[in-house]
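# Understanding the architecture of this molecule
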Amino acid sequence: MDAHLAHSINSPTSPCDDMLKNINNLEAIQLCDREGNKSQDSGIAEMEELAVPHNIKISNITCDSFKISWSMDSKCKDRITHYFIDLNKKETKNSNKFKHKDVPTKLVAKAVPLPMTVRGHWFLSPRTEYTVAVQTASKQGDGDYAVSDWSEVVEFCTADYSKVHLTQLMEKAEAISGRMLAFSVFYRNQHKEYFDYVREKHGTIMQPSSKDNSGSHGSPISGKLEGIFFSCNIEFNTGKPPHDSPYGRIRYQIPADKLFNQNTNLYFGDFYCMYTAYHYIILVIAPVGSAGDEFCKQRLPQLDIADNKFLTCTEEDGRPVYHHVQDAILEIIYTDPVDLSHGTVAEIRGHQLMSLSTANAKKDPSCKTCNISVGR
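This one's a predicted model, so the numbers in the text were calculated from it and none came from an experiment.

So, how was this worked out
- Residues numbered from 1 in each chain as written.
- Predicted model: local features only at pLDDT ≥ 70, side-chain atom pairs only at ≥ 80, totals over all residues.
- Heavy atoms only, no water.
- Helix = DSSP H or I, 4+ residues; strand = E, 2+ residues; numbered from the N terminus.
- Buried < 20%, exposed > 50% of the residue type's maximum accessible area, 1.4 Å probe, protein only.
- Contact = heavy atoms within 4.5 Å.
- Areas by Shrake-Rupley, 256 points an atom, 1.4 Å probe, with all protein chains shown as cover.
- Phe/Tyr/Trp six-rings, centres within 6.5 Å; stacked < 30°, edge-to-face > 60°.
- Expected span 1.5 Å × (residues − 1).
- Arc of directions from axis to C-beta.
- Pairing = 2+ DSSP bridges.
- Axes fitted to C-alpha atoms, helices over the stretch in contact; angles between N-to-C directions.
- Core = buried A, V, L, I, M, F, W, Y, C linked by side-chain atoms within 4.5 Å.

Scanning the chain from terminus to terminus reveals four helices and 24 strands. Expressed as a percentage of its 376 residues, the buried residues of the chain come to 48%. A sequence separation of at least 24 residues applies to 74% of the contacts in the chain between residues at least 6 apart. Looking at the chain as shown, the accessible area adds up to about 18,900 Å², and 48% of this sits on carbon and sulfur atoms.

Written out as structure tokens, the structure is:
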């Protein structure tokens with residue numbers, strides 16, 4: 001039987017202590033510090049020793065939950081009334097030394113059969129490394145607790161968004177998507193050096209590369225899916241791609257039907273903003289049966305190419321017609337190599353607006369429009 005931990009207990013010095021609320025079967029208590037083990041001023045009594053949890057096992061990991069179990073001496077199981085869990089984000093060499101450290105999350109739950117589920121999007125984030133240790137405790141008649149020593153510390157990493165989470169995110173994106181605009185080309189801006197390199201090293205074939213870490217922190221495509229970035233948004237008043245770009249003054253344009261047709265599948269990848277009023281939607285186009293298609297099929301919601309709110313390919317009088325959503329900026333990832341000879345390369349007349357670049361851009365975690373109720 002699983003018990004969902006629905007309450008976080010902060011360190012004694014945390015300013016959030018007054019904000020804690022009792023939820024379900026969890027009790028708000030003041031936990032001892034890990035370093036001191038058993039502290040008299042923590043309200044925890046010392047009695048005959050309880051069994052120390054060992055052989056800690058973490059399983060069923062999602063982006064905002066995990067199951068935890070352990071072994072312990074059976075002689076004192078009947079005395080154990082509560083479990084204390086010390087959960088912390090793992091410090092890395094890339095941690096910002098000038099940033100306030102996250103307040104450690106102390107969890108307390110009534111003793112239940114193991115494994116026990118720990119769930120909470122307010123203290124668990126996707127794709128994040130954590131450390132965890134466990135104490136057993138016995139509540140005394142006077143309200144104090146007899147506790148065991150802390151267990152060994154184990155490490156684990158939370159998972160990416162699942163298809164269920166991405167579907168929730170997609171529904172958020174659909175809610176802001178309205179009018180569609182007709183377009184005819186996909187385009188990709190880069191510096192001159194990029195196209196020179198493609199011609200020199202790859203014989204005019206643009207090669208896929210790993211997607212950067214822009215967008216939702218839990219996105220399963222960041223750093224894992226390989227593809228080539230394209231845009232398709234046009235200006236409402238001209239019906240053509242904009243003159244400006246944040247990515248370079250050289251633009252490659254390719255007819256839409258070369259990348260998006262009945263032989264490709266379309267997937268929803270992400271929905272985010274960067275502390276701005278406008279939002280970005282990431283879509284993936286993958287040739288049917290390709291490695292990219294197989295990757296996306298397992299992880300991303302698939303869209304009907306002729307009937308969705310973001311990007312469509314339909315037929316009129318036997319010819320393909322393409323539309324994109326007007327109310328968001330689409331970022332298209334095409335998962336196969338693309339030959340420059342299928343399109344044209346030319347210099348744009350506008351400016352390179354670096355401030356609009358989404359390269360490794362971090363999502364605004366406070367935006368109610370593009371966040372869901374799991375780790376950001």
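In this structure the tally under the stated criterion is 12 aromatic pairs. With 4.6 Å between their ring centres and 50 degrees between their planes, F66 and F156 make a pair best called tilted. A residue pair is termed long-range when its members are at least 10 positions apart, and F66 in strand β4 (residues 65–71) and F156 in strand β10 (residues 154–157) qualify at 90 residues. F156 carries the same exposure label as F66, and that label is buried. Geometrically, the ring pair formed by Y278 and Y280 is edge-to-face, given 6.0 Å between the ring centres and 70 degrees between the ring planes. On the basis of relative accessibility, which here comes to 4%, the residue Y280 falls in the buried class. Through successive ring pairs, a cluster of aromatic residues spans F183, F186, F260 and Y322.

Looking now at helix α1 (residues 163–176). Turn by turn, an α-helix covers 3.6 residues, leaving residues three or four places apart pointing in a common direction. Compared with the 20 Å implied by 1.5 Å per residue over 14 residues, the 20 Å span of α1 between its first and last C-alpha is a close match. Buried within α1 we find H165, L166, L169, M170 and A173. Along the axis of α1, the buried residues cluster in a sector spanning 140 degrees; they form a single face. Opposite its buried face, α1 presents the exposed residues V164 and A175, each directed more than 90 degrees away.

To continue, consider the sheet that holds β4. Taken in spatial order, the three strands line up as β3-β4-β7 in an open sheet, and their pairing is antiparallel. One side of each edge strand has no neighbouring strand; the edge strands of this open sheet are β3 (54–59) and β7 (116–119). Sheet twist, expressed as the mean angle between neighbouring strand axes with direction ignored, is 30 degrees. Pairing geometry for β4 and β7, over four bridges, is antiparallel.

Right, let's get into unusual backbone geometry. Between L114 and the following residue, P115, the backbone shows a cis peptide bond with an omega angle of 0 degrees. Inspection of the secondary structure puts P115 in the loop between β6 (105–110) and β7. Even without being glycine, T204 reaches a positive phi, approximately 75 degrees. Inspection of the secondary structure puts T204 in the loop between α2 (192–202) and β13 (205–206). The partly exposed category is assigned to T204, whose relative accessible area is 29%. The phi dihedral of Y275 falls on the positive side, at around 60 degrees, and the residue is not glycine. Relative to the helices and strands, Y275 is located in the loop between β17 (264–272) and β18 (280–287).

Examined bridge by bridge, strand β20 (residues 311–316) and strand β21 (residues 319–325) share six bridges and lie antiparallel to one another. By the bridge assignment, T314 is partnered in β21 with V321.

Below, the discussion takes up the pairing of strand β16 (residues 250–255). Pairing of strand β12 (residues 185–190) with β16 involves six bridges; the strand directions are antiparallel. Bridge pairing links V185 to P255 in β16. Pairing geometry for β16 and strand β24 (residues 344–347), over four bridges, is antiparallel. Bridge pairing in β24 links I250 to E347.

By size, the foremost hydrophobic cluster in this structure holds 60 residues, and its most contacted members are F186, F230, F268, L283 and L311. Considering every element that reaches this core, the biggest residue donor is β18, with seven residues. Excluding residues within four positions of it along the chain, F230 makes contact with F186, Y187, R188, M206, Y252, I254, L259, L330, E331, I332, Y334 and V338.

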